[in-house]
Amino acid sequence: MSNPITDHGVMHCEFDFEKKIVIEIVDKDFGIPWWKQHGWLLWIAWGPLALLQIFSGRYVRMYWKVNMWTHIVSGVLILILTSVYTFLAFSYFKWKIRPTWHDWLGTIDLILIFILDGQGLALRLLQNRLKWRTPWILNLRITHQVLSYVMILVSQAAILTGGLSMVKLGIFVAKPLIIAYLAVFFVFWFFCEGYFQRFIR
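In this text, all values refer to a predicted model and were calculated from it rather than measured experimentally.

(A) Region of the structure containing the overall build of the protein chain. The helix and strand inventory of the protein chain stands at 6 helices and 3 strands. For the protein chain, the succession of helices and strands along the chain, N to C, is β-β-β-α-α-α-α-α-α. Out of the 201 residues in the protein chain, the part that is buried amounts to 37%. Long-range contacts, defined as pairs at least 24 residues apart, comprise 56% of the intrachain contacts of the protein chain with a sequence gap of at least 6. A total accessible area of about 12500 Å² is found for the protein chain, and carbon and sulfur atoms account for 72% of it.

(B) Highlighting helix 6 (residues 175–200). Spanning 26 residues, helix 6 covers 37 Å between terminal C-alpha atoms, matching the ideal 38 Å at 1.5 Å per step. Within helix 6 the residues assigned to the buried category are Ile178, Tyr181, Leu182, Phe185, Trp189, Cys192, Glu193 and Phe196. Tucked into the core, helix 6 has its buried residues touching helix 1 (34–46), helix 2 (48–59) and helix 5 (135–169).

(C) The packing of aromatic side chains, seen in detail. A complete count under the given rule lists 15 aromatic pairs for this structure. The interplanar angle of 80° and the centroid separation of 5.5 Å between the aromatic rings of Phe55 and Tyr59 together place this pair among those described as edge-to-face. Here Phe55 and its partner Tyr59 are both found in helix 2, 4 residues apart, which amounts to about one turn of the helix. Its relative accessible area of 27% is what places Phe55 among the partly exposed residues. Every member of this aromatic cluster is reached through a ring pair, and the members are Trp40, Trp43, Tyr149, Tyr181, Phe185, Phe186, Trp189 and Phe190.

(D) Main features of the packing of helix 1 against helix 3 (residues 64–92). At a minimum axis distance of 9 Å, the contact between helix 1 and helix 3 shows a crossing angle of 150°. One element, helix 1, and the other, helix 3, form an angle in the roughly antiparallel class. Between helix 1 and helix 3 the crossing geometry is left-handed. Note on element contacts: helix 3 touches helix 1 through Ile78, Leu81, Thr82, Tyr85, Leu88, Ala89 and Tyr92, opposite Trp34, Gln37, His38, Leu41, Leu42, Ala45 and Trp46.

(E) Representation of the side chain of Glu193. Here Glu193 lies in helix 6. There is a polar contact of 2.7 Å between the side chain of Glu193 and the side chain of Tyr59.

(F) Structural context of unusual backbone geometry. Notably, Trp95 is not glycine yet its phi reads approximately 60°, a positive angle. In this fold, Trp95 is placed in the loop between helix 3 and helix 4 (101–129).

(G) Just the pattern of salt bridges, in detail. The final tally for this structure, using the stated rule, is 2 salt bridges. We note a salt bridge from Glu193 to Arg58, for which the minimum N-O separation is 2.8 Å. Highlighted residues: Glu193 in helix 6 and Arg58 in helix 2, separated in sequence by 135 residues. With relative accessibility at 15%, the residue Arg58 sits in the buried group.

Criteria and thresholds
- Residues numbered from 1 in each chain as written.
- Predicted model: local features only at pLDDT ≥ 70, side-chain atom pairs only at ≥ 80, totals over all residues.
- Heavy atoms only, no water.
- Helix = DSSP H or I, 4+ residues; strand = E, 2+ residues; numbered from the N terminus.
- Buried < 20%, exposed > 50% of the residue type's maximum accessible area, 1.4 Å probe, protein only.
- Contact = heavy atoms within 4.5 Å.
- Areas by Shrake-Rupley, 256 points an atom, 1.4 Å probe, with all protein chains shown as cover.
- Expected span 1.5 Å × (residues − 1).
- Phe/Tyr/Trp six-rings, centres within 6.5 Å; stacked < 30°, edge-to-face > 60°.
- Axes fitted to C-alpha atoms, helices over the stretch in contact; angles between N-to-C directions.
- Parallel < 35°, antiparallel > 145°, perpendicular 65-115°, else oblique.
- Left-handed = near helix turned anticlockwise from the far one by under 90°.
- Polar contact = N/O pair within 3.5 Å; in protein donor to acceptor, adjacent residues only side chain to side chain.
- Salt bridge = Lys/Arg side-chain N within 4 Å of Asp/Glu carboxyl O.

Spatial relationships are all this shows, so hold off on functional conclusions.
What follows is the structure in structure tokens.
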């Protein structure tokens, strides 16, 4: 039996106490289930926008001005979407992290995005004051790249676990779409990396 337990402004949350999981959070103004907003907008953040981050940060660096602004704007959008929808999810669970892979991975994503955007800002400021190949910039750049790839992997795992939890509850029935998306994401990424290694680098 569903019981409303919290009401945050335009959002209304209902829990199924038997399953101990949110089954419906409805936006009163737009009538859009909140889990759809959470799922689709974070998929946009860590699907298309994540690929844009990889492209702008590695594969099209020769177009440095367009590349720089593309990387900054997409990074800020990912930060906004991730922080807003992760904090909203936490608020509905009374700021507790449930013992699920999706919650753990989402928390790691939230921490990493703040670190990465902070590093990106620091790199931009340091490049304006120091020479490009100073030890400070090189070390920060390497750390930024490594953490970026870690976050890409963590975020895709979060998408997988989030999608599968919806499938398990019968909310999202297209399980093959989740697997197909991950396959397309990584195949496309590996293809671009192979092309870069052979023809551009």
